[in-house]
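Here is what each chain is made of, one letter per residue.
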Amino acid sequence: MKIITAEFITGAVSSRQYPREILPEFAFAGRSNVGKSSLINSLLNRKKLVKTSSTPGKTQEINFFKINDALMFADLPGYGFAKVPATVQKKWQMMIEQYILMRENLTGVVVIIDIRRNPTQMDLDLTNWLETNGIRYALVATKSDKLSSVETARQKRKIEAAFLREGSEKLLLYSSKNRQGRNELWSCLSKWTATHAGGPKKKGASQTGHSLIMHEP
Ligand code: GTP
Ligand code: MG
């Protein structure tokens, strides 16, 4: 995918503030500091379009970006950062839930985990909840440049055993540093765009009775 334009549109904490948009949109979710914003920058070939930080909890609202006037990215606030009060944690969780259930042009969610860390209950809660609500997602393990190939293979097996079920997409290895996995992830997003039906949203939490509840480890 050739990136011609990539621009920040707005940050939002509630649905009223979301940009009105019909373009296909991809959301990026994962634990705090896992590398969501860096992954978006690397997908877009931009160094600083999305702010990154070694301090967890940097992204506190949903940040929307428009690419080539053809698609949208939404960088979601990270969850599971132990140092934020439980009330803030809950607020972020609700922000993520509301966004995913209400956003009509949402085409798929990229769930990002750190390849060096074992999957947490919160990651599993998120992917289970996405499945319950019929929302398409891809699981991406980033920071792969930080491990040797032997360690990478070991972690990959562990993560796949924890997350993947029959029929789910395989785990995608990624590095925002050396761009491993970038082409595969773009292929996945393109495939989603091609098969995106659009139109009214899937079942809401109120209909399924399932809220996004993330359990602390
Ligand atoms: P929050 O917004 O706080 O939730 O964090 P985030 O998930 O957006 O993470 P961010 O992209 O800000 O990255 C966190 C730290 O990890 C930064 O210091 C990045 O430079 C580093 N980082 C992110 N991705 C990679 C990667 O693929 N490889 C390496 N080596 N470092 C990475
Ligand atoms: Mg971020």
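The structure this text deals with has already been given above.
From a predicted model like this one, the values you see are computed outputs, not experimental measurements.

Asker: Lay out the environment of alanine 194 in plain terms, naming residues and giving numbers.
Answerer: Along the polypeptide, alanine 194 turns up in helix α5 (residues 182-194). Separated by 87 residues in the primary sequence, alanine 194 and threonine 107 place their C-alpha atoms 9.8 Å from one another.

Asker: Help me get a handle on the pattern of salt bridges, residues and values and all.
Answerer: A full pass over the atoms with the stated rule returns six salt bridges. The salt bridge involving lysine 66 is made with glutamate 21; its shortest N-O contact spans 3.2 Å. On the criterion of sequence distance, the pair formed by lysine 66 in strand β3 (residues 62-67) and glutamate 21 in the loop between β1 (6-12) and β2 (25-30) is long-range, its members being 45 residues apart. The salt bridge partner of aspartate 114 is arginine 116, with a shortest N-O separation of 2.8 Å. The exposure class assigned to aspartate 114 is buried, which follows from its relative accessible area of 7%. For arginine 116, a relative accessible area of 28% gives the class partly exposed. Counted as one network, the salt bridges with shared partners bring together Asp114, Arg116, Arg117 and Lys143.

Asker: Provide a residue-level description of the packing of helix α1 (residues 36-43) against α5, including the pertinent values.
Answerer: Contact pair α1 / α5: the axes reach a minimum separation of 11 Å and the direction vectors enclose 85 degrees. When the axes of α1 and α5 are compared, the pair comes out roughly perpendicular. Listed contacts from α5 to Leu39, Ser42 and Leu43 of α1 are Arg182, Leu185, Trp186 and Leu189. When the residues that make up the contact of α1 with α5 are grouped by side-chain class, the tally is five nonpolar, one polar and one charged.

Asker: Provide a residue-level description of the pairing of strand β4 (residues 71-75), including the pertinent values.
Answerer: Where a strand is regular, its side chains alternate between the two sheet faces. In terms of burial, β4 is a largely internal element, five of the five residues being buried. Of the two faces of β4, the one holding Leu71, Phe73 and Asp75 and the one holding Met72 and Ala74 are both buried throughout. Looking at chain direction, β2 and β4 are connected through four bridges and run parallel. Counted as the bridge partner of alanine 27 is alanine 74 from β4. In this structure, β3 lies alongside β4, joined through five bridges in antiparallel fashion. Residue pairing across strands places asparagine 63 opposite aspartate 75, the latter belonging to β4. With antiparallel pairing between neighbouring strands as the criterion, β3 and β4 make up a hairpin whose turn holds three residues, including asparagine 68 at a positive phi of roughly 55 degrees.

Parameters and conventions
- Residues numbered from 1 in each chain as written.
- Chains lettered and ligands numbered in written order.
- Predicted model: local features only at pLDDT ≥ 70, side-chain atom pairs only at ≥ 80, totals over all residues.
- Heavy atoms only, no water.
- Helix = DSSP H or I, 4+ residues; strand = E, 2+ residues; numbered from the N terminus.
- Salt bridge = Lys/Arg side-chain N within 4 Å of Asp/Glu carboxyl O.
- Buried < 20%, exposed > 50% of the residue type's maximum accessible area, 1.4 Å probe, protein only.
- Axes fitted to C-alpha atoms, helices over the stretch in contact; angles between N-to-C directions.
- Parallel < 35°, antiparallel > 145°, perpendicular 65-115°, else oblique.
- Contact = heavy atoms within 4.5 Å.
- Nonpolar A, V, L, I, M, F, W, Y, C, P; charged D, E, K, R; others polar.
- Pairing = 2+ DSSP bridges.

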